[in-house]
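# Topology and contacts: notes
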Amino acid sequence: MITTRRETLTGRILLVLLMAITIIPFVSLFVTALHPAGTYPSGLAWPDHPQWGNFVDAFRVANMGALLWSSILIVLGVVPISLVLGTMAGFAFGHLRMPGHRIGFLAFVLGLTLPFEGIVTPLYYQVRDLGLLNTRWAIILPLIGLFMPFSVVWMRAHFVTMPDELSEAARIDGASTWQLFWRVHVPLAMPALSSLAILLFLWTWNQFLLAIVLVDDPAKRTMAGALGAFQGQWGTNIPLLCAGALLILVPTLAVFLIFQRRFVAALLQGSSKG
Amino acid sequence: MVAHRARRPRRSWGGWLFAAPAILVYAVFVLRPLALTVQYSFYDWNGIGASTFVGVDNYQRLFTDPELFATIVHALELIIFFSFIPVVLGLFVAAAIRGIATSRLATVARVVLFLPQVIPLVAAGIMWSWLLSSTGLANALLSAVGLDGLTRAWLGDFDTALPAVGVIGAWVLVGLCTLLLLAGMSKIDPALYEAARLDGAGPIREFWSITLPSLRQEIGVCVTVTVIAALASFDIIFVSTQGGPGGSTSVPGLEIYYLAFSEREVGMASALAVALVVLVLVCVLPIQRLTRDGSR
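Residues numbered from 1 in each chain as written. Chains lettered and ligands numbered in written order. Predicted model: local features only at pLDDT ≥ 70, side-chain atom pairs only at ≥ 80, totals over all residues. Heavy atoms only, no water.

Per an unreviewed UniProt entry, chain B goes by Sugar ABC transporter permease and derives from Cryptosporangium phraense. According to its UniProt record, chain B has this under Subcellular location (unreviewed entry): "Cell membrane". Checking UniProt for chain B, the heading Sequence similarities (unreviewed entry) contains the comment "Belongs to the binding-protein-dependent transport system permease family." (UniProt positions renumbered as here; feature names shortened; annotations may be inferred.)

Structural data, given as structure tokens:
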């Protein structure tokens, strides 16, 4: 590729600048978290006596252990069920293509654009009538439904690329549709499935609106929902709030950095399908 | 393709059995609430007692009550910050770094620029509330360059609160747009650029004549994702301004929440919810039509 030295340099400078803008809020949060509780530190000043204890305090007052456990339970409820149901439906719409499959699929496509705020009010009454208010099921079940359009569209996109010959060969060997699905197609869908799992994990973990509407007890919410409650309680103690916010970020950041290659790929594809 | 299709032995109704569980949860937890939202929107109901049918009164109020209507206007204004700025900035940055897309710097950038996508929006809201507060970094920087006169509590000022919320959204979305567009650029045939260079095109000409037209689909994706984020914004505003000061940052999502769960005006909340859903469709469907060239 022909590019001049000057253009490459401009590119590098712009990129570094954009990265700096992305990172500085995190740095500011971190530096502020190290100041004495109750103070209003300014800008990016490094404290004279870094208060590492703030993190311990925040961990304690935010009840982080319970929050982590709660978020994990919610993720374990949402992600596996969404994957199984989404894959089955994606297989049906993308590969089996039964009569009328286009209409069914279109119903899911339209669901892609639906803002959660659009249905949160009746959802509250429905979850209440089911007797599930203030339980983790109040977050888990609606999220499975709300993520279903994306899961189905995502998995269908994988299954339409699978050649029909593959299934024909399996059928000649006497496989039923169910065996064909589990033995042949699910193993081949693993890359698509794991990317979908990453996205669903992230969206569940970060879910805020449903968490604050449907569950009163912060210890039964998602991490993001609990962070909202923490802010309400400690909003005036800036260093403690910053320390708490950072602690709540740690799990996702850790998972992101460990699986960053898959994450980046999934996020890029995910937004282009959404 | 046609001949191939004809060879398929059977296309039975059995496929619906595979789709049934997904359809069931979708129907119970999305379609039914959606239908109920529409139904509630024609009633006056406090969520507990009896409800009264009021026809289109709630919708009428939506368009005549300045405070309610303002939420929709704010959402549309946020599109400038959530969508327009990230997409335009993303385009220019991506075009500028196209040449080094394979370098080590670009690898690091992929991770760094995704950070705002990975953290909860609530956390972004908390972070930026602090940065934009009267003693925060934004004001410290202004003072450092001698612009003390401009410093203020950005999120607490009537004139700056909405743009300040917009900046938070732009921060969240600009990295995603940049990387999506960069990924799109990497698919453009380098021979096109070489041909353009040999014809004497400069970087600007190159951008308008090759890069931009080839990115139609990616730009469409960016605009769709960011416009939905703008219209359905809730988390950031809930933690950073709670709609204030004086309702200057209230958006439909936030107002639905307050109407339904604090003021117990379920009917009105539902009418606003219906309006929001329609607004999203009206904004997003044309974008899809314009940018998808029927390949899907």
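After that view of the structure, there is still more to cover.
### A closer look at the overall build of chain B
A tally of regular secondary structure across chain B gives 14 helices and two strands. Counting only C-alpha atoms and orienting by the principal axes, one finds that chain B spans roughly 75 × 75 × 30 Å. For chain B, buried positions account for 54% of its 296 residues. Excluding contacts between residues fewer than 6 apart, the proportion of contacts in chain B whose partners are at least 24 apart in sequence is 68%. As displayed, chain B has an accessible area near 13200 Å², and 65% of this comes from carbon and sulfur atoms. The centroid of the 19 positive side-chain charges in chain B is displaced by 20 Å from the centroid of its 18 negative side-chain charges. (Helix = DSSP H or I, 4+ residues; strand = E, 2+ residues; numbered from the N terminus. Buried < 20%, exposed > 50% of the residue type's maximum accessible area, 1.4 Å probe, protein only. Contact = heavy atoms within 4.5 Å. Areas by Shrake-Rupley, 256 points an atom, 1.4 Å probe, with all protein chains shown as cover. Lys, Arg positive; Asp, Glu negative; His and termini not counted. Charge placed at Lys NZ, Arg CZ, Asp CG, Glu CD.)

### Concerning the nonpolar core
Counting residues in each nonpolar core, the largest one holds 198 residues, and the members touching the most others are A:Val213, A:Leu249 and B:Ile119. The element contributing the most residues to this core is helix 8 (residues 161-185) of chain B, with 15 residues. The residues contacting A:Val213, other than those within four sequence positions of it, are A:Val120, A:Tyr124, B:Tyr257 and B:Phe261. (Core = buried A, V, L, I, M, F, W, Y, C linked by side-chain atoms within 4.5 Å.)

### Overview of a nonpolar patch on the surface
Together, B:Ile80, B:Phe84, B:Ile85, B:Val88, B:Leu89 and B:Phe92 make up a nonpolar patch on the protein surface, roughly 530 Å² of accessible area in all. By secondary structure assignment, the location of B:Leu89 is in helix 4 (residues 66-97). (Patch = residues over 30% accessible without salt bridge, like charges linked within 9 Å, V, L, I, M, F, W, Y side chains within 5 Å. Salt bridge = Lys/Arg side-chain N within 4 Å of Asp/Glu carboxyl O.)

### A short note on the packing of helix 5 (residues 120-129) of chain A against helix 2 (residues 15-40) of chain B
Contact pair helix 5 of chain A / helix 2 of chain B: the axes reach a minimum separation of 8 Å and the direction vectors enclose 115°. Between helix 5 of chain A and helix 2 of chain B, the interaxial angle falls into the category roughly perpendicular. The way helix 5 of chain A lies across helix 2 of chain B gives a crossing that is right-handed. On the side of helix 5 of chain A, the interface is formed by A:Pro122, A:Leu123, A:Tyr125 and A:Gln126, while helix 2 of chain B contributes B:Val28, B:Phe29, B:Arg32, B:Pro33, B:Leu36, B:Thr37 and B:Tyr40. Classifying every residue of the contact of helix 5 of chain A with helix 2 of chain B gives eight nonpolar, two polar and one charged. (Axes fitted to C-alpha atoms, helices over the stretch in contact; angles between N-to-C directions. Parallel < 35°, antiparallel > 145°, perpendicular 65-115°, else oblique. Left-handed = near helix turned anticlockwise from the far one by under 90°. Nonpolar A, V, L, I, M, F, W, Y, C, P; charged D, E, K, R; others polar.)

### What to know about the UniProt feature "transmembrane region" (unreviewed entry) in chain B
All names here are of chain B. The residues that UniProt annotates with the feature "transmembrane region" (unreviewed entry) are residues 12-35, 68-96, 108-131, 161-183, 219-239 and 266-287. Annotated as residues 68-96, this span is 100% helix and 0% strand, and its ends, taken at the C-alpha atoms, are 42 Å apart. Along residues 266-287 one finds 100% helix and 0% strand; the C-alpha atoms at either end are 32 Å apart.

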